[in-house]
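Spelled out from the first residue to the last, the chains are:
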Amino acid sequence: MLHTDIPTEAELRAIASTRSLYCVSIYLPTSTLAAEAEKSRTELGNHLAAALEQLEAVGADKADVAGVRDGITRLIDDPFLWTYQSNSLVIFATPERVLTYRIPNRVAATMQVSDRFHLKPLLRAVAFPQAAFVLALSQNAVRLIEVTIEGSADEVAVADLPADASRIFATRGNSGSARLIGDEGDKTLLGHYSRQIDDAIRPLLLSAHVPLIIAGAEPLASIFRGVSRYDELTAETIRGNAETMSADELAAEARPILDRLYAAEIAALGERVSEAIGTGSGSSDLSDLARAATYGALSTLLVDIDRTISGFVDEQSGALTLSESDDAVDYGVVDEIARRALLTGARVVAVRSDEIPGGAAAAGIMRFPV
């Protein structure tokens, strides 16, 4: 099982706002297997040694160096941390504080030292949390299954959720309506059954903001889809008899649907950005994007999750200066553009290079020209 703790939107903005003389960002691939823990601890020790070398090279105060060293060393020595892991471990350290997040995305190992944290690899986990609900539907039973990013699948108790459609169908003989006879009458009654289900699960869904996947046979699956008021109901359905499928089996069917859903969302974003570039209301030029991010002009930004380009972005003008150095002074300018865009309300998504128009390091849509 994955053990995850992805930052909330408020936490992400707090991380993005952090400025300190020395900020160390470490991304470390990890494993849920206990046998792999020692390897991960060793790799973290190597990243720590590289960070300390950079700090000492720029003349960092001994107390600051000791603060970073001691904070990360305590993580290395913590047996409980390595017992419960996800696919990647994110560490943000200053001389005074160390934050950790376990994320389900497998990211490339990296370490950066600057006066701000390196955010890009974390942004994909925040944008696509890999959690969902599966609604297992049949006339004889209905279940709501929560599929979590940790890998678990658990049935959720929902108040007022009908156990089955038997009570509704029992009313047919007492209704006196000829319209409830035959196939069309069955569909009318299944529509009422579906609305009862929608009423019961709606409050829970609205508070969760994750996709809902229907599992079930026709015509009930389509009838529920026709009455559901939940905007994040997926187009794909898990076909078959949901009664015979366990929660884990439903979760296994759900995860490829989520992968395709997020892939389609990224592709659609890429098309929108490409169209904006074509009409002049977007750009993939880093200088343009740096200036736009500084002035709050970006509404949407795609950034290459893997590529790092060193340099500086002027605090006031957004002027971009590139650099070839890799030390504790420079920082990743694409990451900085993403940070500024995030703090001014833009939607920022970290993607792979082939998912950005033209294979650029970043591309975005402007709210207004700058």
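Going by the structure above, here's the rest.
Residues numbered from 1 in each chain as written. Predicted model: local features only at pLDDT ≥ 70, side-chain atom pairs only at ≥ 80, totals over all residues. Heavy atoms only, no water.

Visitor: Teacher, can you tell me more about the sheet that holds strand β11 (residues 298–304) here?
Guide: Two strands in a sheet stick together by hydrogen bonds in their backbones, pointing the same way (parallel) or opposite ways (antiparallel). Read across the sheet, four strands follow the order β10-β16-β11-β15 without closing on themselves; strand pairing throughout is mixed. Of all strands in the sheet, those bounded by a partner on one side alone are β10 (282–283) and β15 (347–351). Note that β11 and β15 share five bridges and pair parallel. Considered in β15, the bridge of Thr300 is made with Arg347. The strands that helix α11 (residues 286–294) touches are β10, β11 and β16 (362–366); relative to β16, the one it contacts most, it runs at about 50°. In this fold helix α12 (residues 333–343) packs onto β11, β15 and β16, with an angle of close to 150° to the strand it touches most, β11. (Pairing = 2+ DSSP bridges. Helix = DSSP H or I, 4+ residues; strand = E, 2+ residues; numbered from the N terminus. Contact = heavy atoms within 4.5 Å. Axes fitted to C-alpha atoms, helices over the stretch in contact; angles between N-to-C directions.)

Visitor: Can you help me understand a negative patch on the surface in this one?
Guide: A grouping of Glu146, Asp154, Asp248, Glu249 and Glu253 is seen on the molecular surface, where their side chains present a negatively charged patch. The element best represented in the negative patch is helix α10 (residues 247–279), accounting for three residues. Here Glu146 shows up in strand β6 (residues 142–147). (Patch = residues over 30% accessible without salt bridge, like charges linked within 9 Å, V, L, I, M, F, W, Y side chains within 5 Å. Areas by Shrake-Rupley, 256 points an atom, 1.4 Å probe, with all protein chains shown as cover. Salt bridge = Lys/Arg side-chain N within 4 Å of Asp/Glu carboxyl O. Lys, Arg positive; Asp, Glu negative; His and termini not counted. Charge placed at Lys NZ, Arg CZ, Asp CG, Glu CD.)

Visitor: Is there a simple way to think about the side chain of Arg102 in this case?
Guide: Positionally, Arg102 belongs in strand β3 (residues 98–103). A polar side-chain atom of Arg102 sits 2.9 Å from the main-chain carbonyl oxygen of Tyr84. Contacts of Arg102, omitting those with residues within four sequence positions, involve His3, Thr4, Asp5, Ile6, Tyr84, Gln85, Ser86, Ser88 and Leu89. (Polar contact = N/O pair within 3.5 Å; in protein donor to acceptor, adjacent residues only side chain to side chain.)

Visitor: Mind showing me how you'd approach the pairing of β16 here?
Guide: Consecutive side chains along a regular strand alternate between the two faces of the sheet. Across the five residues of β16, five count as buried, placing the element largely inside the fold. The alternating pattern of β16 places Ala362, Gly364 and Met366 on one face and Ala363 and Ile365 on the opposite face, and all of these are buried. Sheet analysis places β10 next to β16, joined by two bridges and oriented antiparallel. For Ser283, the partnering residue across the bridge sits in β16 and is Gly364. Pairing analysis gives five bridges linking β11 to β16, with the strands arranged antiparallel. Residue pairing for β16: Val303 is matched across the bridge by Ala362. (Buried < 20%, exposed > 50% of the residue type's maximum accessible area, 1.4 Å probe, protein only.)

Visitor: Hey, could you run me through the sheet that holds β3 in this one?
Guide: The strand order β3-β2-β1-β4 describes an open sheet built from four strands, whose pairing is antiparallel. Edge positions in the open sheet fall to β3 and β4 (110–114), since each of these has one partner strand only. Pairs of neighbouring strands in the sheet enclose a mean axial angle of 10°, with direction left out of account. Two strands pair when backbone bridges link them, and strand β1 (residues 23–29) and strand β2 (residues 88–93) are joined in this way by six bridges, in the antiparallel orientation. In the strand pairing of β2, Val24 is matched with Ala93. Set on the sheet, helix α5 (residues 120–127) makes contact with β1, β2 and β3; between it and β3 the angle comes to about 50°.

Visitor: It is not clear to me how the packing of α11 against α12 should be interpreted in this structure. Could you clarify?
Guide: The relative placement of two packed helices is expressed as an angle between their axes plus a distance between the axes. Running from N to C, α11 and α12 point in directions that differ by 30°, and their axes come no closer than 8 Å. By the angle between their directions, the pair α11 and α12 is classed as roughly parallel. Crossing hand, α11 versus α12: left-handed. Between α11 and α12, the contacting residues are Leu286, Leu289, Ala290, Ala293 and Thr294 on the first element and Val334, Ile337, Arg340 and Ala341 on the second. Residues that form the contact of α11 with α12 fall into these classes: seven nonpolar, one polar and one charged. (Parallel < 35°, antiparallel > 145°, perpendicular 65-115°, else oblique. Left-handed = near helix turned anticlockwise from the far one by under 90°. Nonpolar A, V, L, I, M, F, W, Y, C, P; charged D, E, K, R; others polar.)

Visitor: Explain unusual backbone geometry here, please?
Guide: Apart from glycine, the bulk of residues carry a negative phi angle, and the bulk of peptide bonds sit in the trans form. Here the amide bond leading from Glu218 into Pro219 is cis, since omega sits at 5°, within 30 degrees of zero. Within the secondary structure, Pro219 sits in the loop between β8 (212–215) and α9 (220–227). For Asp160, which is not a glycine, the phi torsion comes out positive at approximately 70°. Looking at the secondary structure, you find Asp160 in the loop between β7 (153–155) and α6 (166–170). Among the residues examined, Asp160 registers a relative accessible area of 74% and is labelled exposed. Residues other than glycine seldom take positive phi values, yet His209 does so here, at roughly 55°. In this structure, His209 sits in the loop between α8 (182–208) and β8.

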